[in-house]
Amino acid sequence: MTLNSPDIADTVRVRFAPSPTGKLHVGGARTAIYNWAFARANHGSFILRIDDTDPARSTEENTQVILRALRWLGLDWDEGPEVGGDWGPYWQARRLDIYRDVARRLIREGRAYYCFCTPERLAADRKAAEERHDPFQGYQRTCRSIDPAEAQRRVDAGEPHTIRIKVPDGRGDVVIRDVVHGDVTFNARELDDFIIVRTDGTPTYNFTTVVDDATMGITHVIRGDDHLSNTPRQVIVYEAMGVPTPTFAHISMILGPDGKKLSKRHGATSVEEYRDRGYDADAFVNYLALLGWAPDGTTTIVSRDALAREFSLDRVSKNPATFDVKKLDWIQGQYLQAMSNEMFSKRVLIPELIRAGLEEGSVEEAYARRPSWFGLLASLLRPRTTLAPEVVAKARFLYEGNNVTLDEKSVKKNLAKEGARASLEAAREALTSITTGAWTTAAIDAALEPLPERLDTSKRAFYGALRVAVCGNAVSPPLGESLELLGRDTTLARLARALPLAG
Ligand code: GLU
């Protein structure tokens, strides 16, 4: 039976459980993508849970930033904040009574116990273990033997205490059957009788995570392999609760180009930063999905739909992946190239022009005003764009009326040269003969084409002078199209204005 078979299809439940202590990191985003894709590929549920049990570091603002980033990535969740669900609440801070009830039950059943050891006592025990060269230097299980009724009396009397889980005697090795890493074995003795509820009454990560995953019916835990070392402790909690363990899949870390874990030192690490730089969400998801997963050895473009159909855990690599901005840019380029002119206009071009104050109203309104004009501009800029904001510098000259900003260096290099005036005059005459109705790239190109030879000047000098005069710089898109976009009147007015500057 494969996971994709319909008989168990409904049972797949996965979760992404970010701690709202900061923005959504690219590593977290990839974990979210894998969970989302796995849920979709198996017709299961993708659950979003906010791990906000650390009140000092968790903020509502961070939660909102994370939700926004997930929405931008197009990762819709079936249960969680904003959408609700039957297995909530989906914020850990609202589940404290659930953790308390489970902890109490474990104590009642003798699977957990109160510990009254003071920090000083614990330190002294550790020191003694060190001195006698005990290979085990963890908790010495001092309070495990306190009679439960006696322990309860001390708790009722207000004595400070933690709650520890009992790692069963003779538990033997804990073997994690990890889908990505294979079997990973941990010595149960090394696990300690670890704390599940602290002295201040707050539950620990290894406890809350298991209580939630168990009570939310999570079938597969897909997360970063920085949590692999927590997993044996979590297995002990599952066993104490008497519930089956889910399937684990620990995915590799994302490294920077220097082979160290990706961090701020390497540049942008949050999803927001990539959004703000102008990456397309689909391209970004494609890139992150392929950092550690591949449908085969060669595919580089995987649409969100393909991901949602084809994602499988058995093709996730256990080797760390290196974040490579060049590859991301290449994929971004592929996505832009694959867009229609209309899509590029609406998704990339017009939003940027609005942001720069060059277009007004909504994207739809702006597009509806001049659909074919945007179509032509999009066809010019699409192959010349990697990141969305780049379109502004390239399109600005179209918005400057008759008084285009003339780039000083370009003027010096192309316009203030001998012969430039003759070029401009000839161009002006030829262009004047085209009527407004016939003002197309083809007509413009045809009118200009014979001129360099006639003037006995190089094409480079001729078009260079004309380009600077009309577009203001030497880096604008192809000239004929640029002039068509500018329109006849503006073109001629700019030529007239530039004539006195020409050599
Ligand atoms: N809140 C934890 C984290 O962000 C979740 C880890 C897990 O998936 O269990 O690292």
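Since this is a predicted model, take the numbers as computed values, not measurements.

The rules behind these values
- Residues numbered from 1 in each chain as written.
- Predicted model: local features only at pLDDT ≥ 70, side-chain atom pairs only at ≥ 80, totals over all residues.
- Heavy atoms only, no water.
- pLDDT = per-residue confidence, 0-100.
- Contact = heavy atoms within 4.5 Å.
- Helix = DSSP H or I, 4+ residues; strand = E, 2+ residues; numbered from the N terminus.
- Buried < 20%, exposed > 50% of the residue type's maximum accessible area, 1.4 Å probe, protein only.
- Polar contact = N/O pair within 3.5 Å; in protein donor to acceptor, adjacent residues only side chain to side chain.
- Near = heavy atom within 4 Å.
- Areas by Shrake-Rupley, 256 points an atom, 1.4 Å probe, with all protein chains shown as cover.
- Nonpolar A, V, L, I, M, F, W, Y, C, P; charged D, E, K, R; others polar.
- Expected span 1.5 Å × (residues − 1).
- Bend = angle between axes of the 7 residues up to and from the residue.
- Salt bridge = Lys/Arg side-chain N within 4 Å of Asp/Glu carboxyl O.
- Core = buried A, V, L, I, M, F, W, Y, C linked by side-chain atoms within 4.5 Å.
- Phe/Tyr/Trp six-rings, centres within 6.5 Å; stacked < 30°, edge-to-face > 60°.
- Lys NZ or Arg CZ within 6 Å of the ring centre and 35° of its normal.

### A few points about the confidence of the model for the chain
A low pLDDT means the predicted coordinates there should not be read in detail. Overall, the predicted model of the chain reaches an average pLDDT of 94, with 98% of residues at or above 70. Note that pLDDT drops below 50 for residues 1-9; the model gives that stretch 13 contacts with residues more than four away or on any other chain.

### Looking at the environment of Tyr139
Checked against the element boundaries, Tyr139 lands in the loop between α5 (119-131) and α6 (148-156). The buried category is assigned to Tyr139, whose relative accessible area is 5%. Along the sequence, Tyr139 and Asp125 sit 14 residues apart, while their C-alpha atoms lie 7.8 Å from each other. With residues up to four places along the chain from it excluded, the contact list for Tyr139 reads Tyr113, Cys115, Cys117, Leu122, Arg164, Asp192 and Asp193. One polar contact links the side chain of Tyr139 to the main-chain amide nitrogen of Cys143, over a distance of 3.0 Å.

### As for the site of the ligand
Inspection of the region around the ligand gives Arg15, Ala17, Ser19, Asp51, Tyr205, Thr209, Arg223 and His227 as its neighbouring residues. At a separation of 2.6 Å, an oxygen atom of the ligand approaches a polar side-chain atom of Tyr205. Its free accessible area being 300 Å², the ligand has 79% of it covered by the protein chains. Taken together, the residues of the shell around the ligand break down into two nonpolar, three polar and three charged.

### A closer look at helix α13 (residues 341-355)
Across its 15 residues, α13 extends 19 Å between first and last C-alpha, which sits within 8% of the 21 Å expected from 1.5 Å per residue. Bending of α13 peaks at approximately 40 degrees at the position of Leu349, with proline Pro351 no more than four residues after it. All of the buried residues in α13 are Phe344, Ser345, Val348, Leu349, Ile350, Pro351, Glu352 and Leu353. Those residues of α13 that are buried are in contact with α12 (325-338), α14 (363-369), α15 (371-381) and α16 (390-395). One or two residues past the end of α13 sits Gly357, with phi positive at roughly 80 degrees.

### Considerations on the pattern of salt bridges
In this structure the tally under the stated criterion is 37 salt bridges. Here Arg347 and Asp282 are joined by a salt bridge, their closest N and O atoms 3.5 Å apart. Of this pair, Arg347 sits in helix α13 while Asp282 is found in helix α10 (residues 281-289), placing the two residues 65 residues apart along the sequence. Here Asp282 falls in the partly exposed class, since its relative accessible area comes to 23%. Here the salt bridges do not stand alone but share partners, grouping Arg15, Arg49, Asp51, Arg95, Asp212 and Asp213 into one network.

### A look at the nonpolar core
Formed by 98 residues in total, the largest nonpolar core has its most connected members in Phe207, Leu307 and Phe323. Counting residues per element, this core draws most heavily on helix α2 (residues 26-41), at nine residues. Not counting the four nearest positions on each side in its chain, Leu307 is found in contact with Ile33, Trp36, Ala37, Val285, Ala289, Trp293 and Val302. Ala366, Ala430, Ala465 and Leu492 belong to the second-largest nonpolar core, a separate cluster that totals 54 residues.

### Here we look at the packing of aromatic side chains
Overall, the coordinates contain 12 aromatic pairs when judged by the stated rule. Seen from their ring centres, Trp293 and Phe311 are 5.3 Å apart, and the 40 degrees between their planes marks the pair as tilted. Within this pair, whereas Trp293 is found in the loop between α10 and α11 (304-310), its partner Phe311 is found in the loop between α11 and β11 (321-322), the two being separated by 18 residues in sequence. When sorted by exposure, Trp293 lands in the same class as Phe311, which is buried. Between Tyr367 and Phe374 the ring centres are 6.4 Å apart and the planes differ by 25 degrees, which places this aromatic pair in the stacked class. Sitting above the plane of the Phe116 ring, Arg154 keeps its charged end 4.2 Å from the centroid.

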